[in-house]
Amino acid sequence: MGRIIAIVNQKGGVGKTTTAVNLSAALTARGKKVLLFDFDPQANATSGVGVDKNAVSATSYDVVINETTAQEAVVHTDYCDLIPSSAALSGAGVELVGVENREFVLKNALAPLRAQYDYIFIDCPPSLELLTLGSLCAADEILIPVQCEYYALEGLSDLMMTLRAVKRRLNPGLSIYGVLLTMYDGRTNFSAQVAEEVRRHFPGKVFANAIVRNVRLAEAPSHGMPVTVYDKFSRGAQAYNAIAEEMLAKDA
């Protein structure tokens, strides 16, 4: 039975989609069956694996609004399986407001696919609204990318409050899979200080490897490739491969 991991942080620009794309690709390259569910209206994860969001027949919007089955929306790519997103998803939160048991629409949609995959990653939107709430209800665990910057922990208290509320009322089994340090600069004391503070807040949950600042990570999406394929010898690729190895060791 596959595990569903929501990659979530309501702050934008922390490497959430980059993490979703590159972990999906790195784990697929290691023989795991991986589904990437793009639940962000910006659809950056969709284009990040080389899929044109305007050329797909069904998207995550159709799965949660139009009763399209998740299986019907799956697109096979060279890097992982994908359920793509589109701009239509931006209105889905409003459309779901009147739906009965709206928090569990995504959970029910993904349930039939669990047996087919080792990992299902949900790339959440950068907010704590209804789509993210649905992701937290569907997930077994969450993975939190945290940028190594001055305001790294700002806003995480809101996420933790939401997590506790979801555990209490909707998904008692939800837990933190891991916290991933992103945009780490080993040349500065500041990055090390932020990393130490994050580890203090999340004891035993922070990945040993961090994602370093790397120009190849920024370039890869414009080519529709994970960095692990675009430049497999880059520091960004090596970092995500190391995280994938950590995950496999943890889940063995």
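In what follows, the accompanying structure is described. The structure displayed is predicted, hence computed values, not measured ones.

### Regarding the pairing of strand 7 (residues 175-182)
Here is step 1: With seven of eight residues buried, strand 7 lies mostly within the body of the structure.
Here is step 2: Sheet topology places strand 6 (residues 141-147) next to strand 7; seven bridges connect them, and they run parallel. When the sheet's bridge partners are listed, V146 is paired in strand 7 with L181.
Here is step 3: In this region the chain leaves strand 6, passes through helix 8 (residues 156-169) and returns to the parallel neighbour strand 7; the handedness of that crossover is right-handed.

### What to know about the nonpolar core
Here is step 1: Judged by nonpolar contacts, the single largest core of 53 residues is most densely connected at I83, I122, I142, I144, V198 and F202.
Here is step 2: When near neighbours in sequence (up to four residues on either side) are disregarded, I83 contacts L35, L36, F37, D38, T59, S60, V63, A70, A73, V74 and L113.
Here is step 3: Among the nonpolar cores identified, the runner-up in size contains 33 residues, and V21, A25, I211 and L248 belong to it.

### A short note on helix 1 (residues 16-29)
Here is step 1: Between its terminal C-alpha atoms helix 1 stretches 20 Å, which fits the 20 Å expected from 14 residues at 1.5 Å a residue.
Here is step 2: Here helix 1 has its buried residues at K16, T17, T19, A20, V21, N22, L23, S24, A25, A26 and L27.
Here is step 3: Residue G31 follows helix 1 closely and has a positive phi angle near 90°.

### Some details on helix 9 (residues 189-201)
Here is step 1: Look at helix 9: 19 Å from first C-alpha to last across 13 residues, which is about the 18 Å you get at 1.5 Å a residue.
Here is step 2: Looking only at helix 9, the buried set comprises S191, V194, A195 and V198. Here the buried residues of helix 9 occupy an arc of 100° about the axis, which is enough to place them on one side. Exposed residues lying more than 90 degrees from the buried face of helix 9 are N189, E196 and R200.
Here is step 3: Elements in contact with the buried residues of helix 9: strand 6 and strand 7.

### Let's talk about the environment of D78
Here is step 1: Its location among the elements puts D78 in the loop between strand 3 (75-76) and strand 4 (81-83).
Here is step 2: C-alpha separation for the pair D78 and A29, spaced 49 residues apart in sequence, amounts to 9.7 Å.

### Comments concerning the layout of surface pockets
Here is step 1: Taken as a whole, the largest pocket encloses approximately 550 Å³ of empty space.
Here is step 2: Around the largest pocket, the lining is made up of 30 residues, and of these G15, K16, T17, T18 and M183 lie nearest the centre.
Here is step 3: Elements with a minimum of two residues in the lining of the largest pocket: helix 1, helix 2 (44-48) and helix 10 (215-219).
Here is step 4: The biggest single contributor to the lining of the largest pocket is helix 1, with five residues.
Here is step 5: Of the residues in the lining of the largest pocket, the class split is 14 nonpolar, 12 polar and four charged.

### Overview of the pattern of salt bridges
Charged atoms that come close allow side chains of opposite charge to pair.
Here is step 1: As enumerated under the stated definition, the model contains 10 salt bridges in all.
Here is step 2: Linking K16 and D40 is a salt bridge whose minimum nitrogen-to-oxygen distance equals 3.7 Å. You can see K16 sitting in helix 1 and its partner D40 sitting in the loop between strand 2 (34-38) and helix 2, a full 24 residues away along the chain. Neither K16 nor D40 differs from the other in exposure class; each is buried.
Here is step 3: The closest approach of N and O atoms between D123 and K16, which form a salt bridge, is 3.1 Å. With D123 in strand 5 (residues 119-123) and K16 in helix 1, this residue pair connects regions lying 107 residues apart in the sequence.
Here is step 4: Of the residues examined, D123 reaches a relative accessible area of 0% and is grouped as buried.

Parameters and conventions
- Residues numbered from 1 in each chain as written.
- Predicted model: local features only at pLDDT ≥ 70, side-chain atom pairs only at ≥ 80, totals over all residues.
- Heavy atoms only, no water.
- Buried < 20%, exposed > 50% of the residue type's maximum accessible area, 1.4 Å probe, protein only.
- Helix = DSSP H or I, 4+ residues; strand = E, 2+ residues; numbered from the N terminus.
- Pairing = 2+ DSSP bridges.
- Right-handed = clockwise from strand over helix to strand, strands pointing away.
- Core = buried A, V, L, I, M, F, W, Y, C linked by side-chain atoms within 4.5 Å.
- Contact = heavy atoms within 4.5 Å.
- Expected span 1.5 Å × (residues − 1).
- Arc of directions from axis to C-beta.
- 1 Å grid on protein atoms, 1.4 Å probe; cavity = no way out; pocket = protein on both sides within 12 Å on 5 of 7 lines; lining within 4 Å.
- Points joined across faces, edges and corners; volume = space filled by probe spheres on them.
- Nonpolar A, V, L, I, M, F, W, Y, C, P; charged D, E, K, R; others polar.
- Salt bridge = Lys/Arg side-chain N within 4 Å of Asp/Glu carboxyl O.

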